[in-house]
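# Working through the structure, step by step
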Amino acid sequence: SQVDRGATNLEQTLSLASAMLPEDNQGRIVLISDGVQTEGNLTRVLGDLKSRGVAVDVLPIDYTYNEEVWLERLDLPQNVKLGDTYEAAMVLSSLSDGKGKLVLRENGNVIAEQEVEYKAGKNRFSVPITLRSAGYYEYTASIEVPKAQDSLNQNNTVLNYIFVEGEGRVLL
């Protein structure tokens, strides 16, 4: 299943898990979580589970990173016409304020580098791009920061692509 890294609705998660349990079996749910509830009401669903006899085991996740920077996504438009200028937008998240170099590559070639300053939380940076020929374009964005500002470099790169069709032709 897809994990939404922006929010945790433990009530919805446990409600869905309990709905999937067979009615003739009390069942057991294993919840893997950092325990930070950002949406929903956990108390309400736990009372319901207890009354049904459903056990909930918790495997806690402990984050010990004080400094971390990561790229969440690289947004590109869905429909691109030849010669039009469009925007490649990168969403960068960080646990603290910092500086780094944002690099954008098109089909492996660097097309933009920019020194950026970011704040703790989510940050958005964009680069204008113009496509001059039809074809498949693969984009990779990465953030380069000093080692002291980043615990995991595996999450410092994101990838996306665009397919641009050639100009239409009319047969007479």
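Further up the page is the structure itself.
This report concerns the structure included in the present document. These numbers come from a predicted model, not from an experiment.

### Focus: the packing of helix α1 (residues 10-19) against helix α2 (residues 42-52)
Look at α1 against α2: their axes get within 8 Å of each other, and the N-to-C directions meet at 25 degrees. Viewed along their axes, α1 and α2 adopt a mutual orientation that is roughly parallel. Crossing of α1 against α2: the hand is left-handed. Within the contact between the two elements, α1 uses Leu-10, Glu-11, Leu-14, Ser-15 and Ser-18 and α2 uses Leu-42, Arg-44, Val-45, Leu-46, Leu-49 and Arg-52. For the contact of α1 with α2, the per-class residue count stands at 6 nonpolar, 2 polar and 3 charged.

### Looking at the side chain of Ser-33
Note that Ser-33 resides in strand β1 (residues 28-33). If we ignore the near neighbours within four places in the chain, the residues touching Ser-33 are Leu-10, Leu-59, Pro-60 and Ile-61.

### Considering the nonpolar core
Among the nonpolar cores identified, the biggest contains 26 residues, and Leu-74, Leu-104 and Tyr-139 are the most heavily contacted of them. Listing elements by their share of this core, those giving two or more residues are β3 (69-75), β4 (85-94), β5 (98-106), β6 (109-118), β7 (121-130), β8 (135-144) and β9 (157-164). With 8 residues, the next largest nonpolar core counts Leu-10, Leu-14, Leu-21 and Leu-31 among its residues.

### Observations concerning the environment of Asp-48
Its location among the elements puts Asp-48 in helix α2. Look at Asp-48 and you get partly exposed, because its relative accessible area is 38%. When the C-alpha positions of Asp-48 and Ile-111 are compared, they lie 55 Å apart, and in sequence the two are 63 residues distant.

### Topic: the pattern of salt bridges
Evaluated as defined, the whole model comprises 7 salt bridges. For Glu-11, the salt bridge goes to Arg-44, with nearest N and O atoms at 2.9 Å. Of this pair, Glu-11 sits in helix α1 while Arg-44 sits in helix α2, and the two are 33 residues apart along the sequence. Arg-44 gets classed as exposed once you look at its relative accessible area, which sits at 51%. Of the charged contacts, one joins Asp-57 and Arg-28 as a salt bridge, the two residues approaching to 2.7 Å between their closest N and O atoms. With Asp-57 in strand β2 (residues 55-60) and Arg-28 in strand β1, this pair connects stretches of sequence that are 29 residues apart. Via salt bridges that share partners, Lys-101, Glu-113 and Glu-144 belong to a single interconnected network.

Thresholds applied
- Residues numbered from 1 in each chain as written.
- Predicted model: local features only at pLDDT ≥ 70, side-chain atom pairs only at ≥ 80, totals over all residues.
- Heavy atoms only, no water.
- Axes fitted to C-alpha atoms, helices over the stretch in contact; angles between N-to-C directions.
- Helix = DSSP H or I, 4+ residues; strand = E, 2+ residues; numbered from the N terminus.
- Parallel < 35°, antiparallel > 145°, perpendicular 65-115°, else oblique.
- Left-handed = near helix turned anticlockwise from the far one by under 90°.
- Contact = heavy atoms within 4.5 Å.
- Nonpolar A, V, L, I, M, F, W, Y, C, P; charged D, E, K, R; others polar.
- Core = buried A, V, L, I, M, F, W, Y, C linked by side-chain atoms within 4.5 Å.
- Buried < 20%, exposed > 50% of the residue type's maximum accessible area, 1.4 Å probe, protein only.
- Salt bridge = Lys/Arg side-chain N within 4 Å of Asp/Glu carboxyl O.

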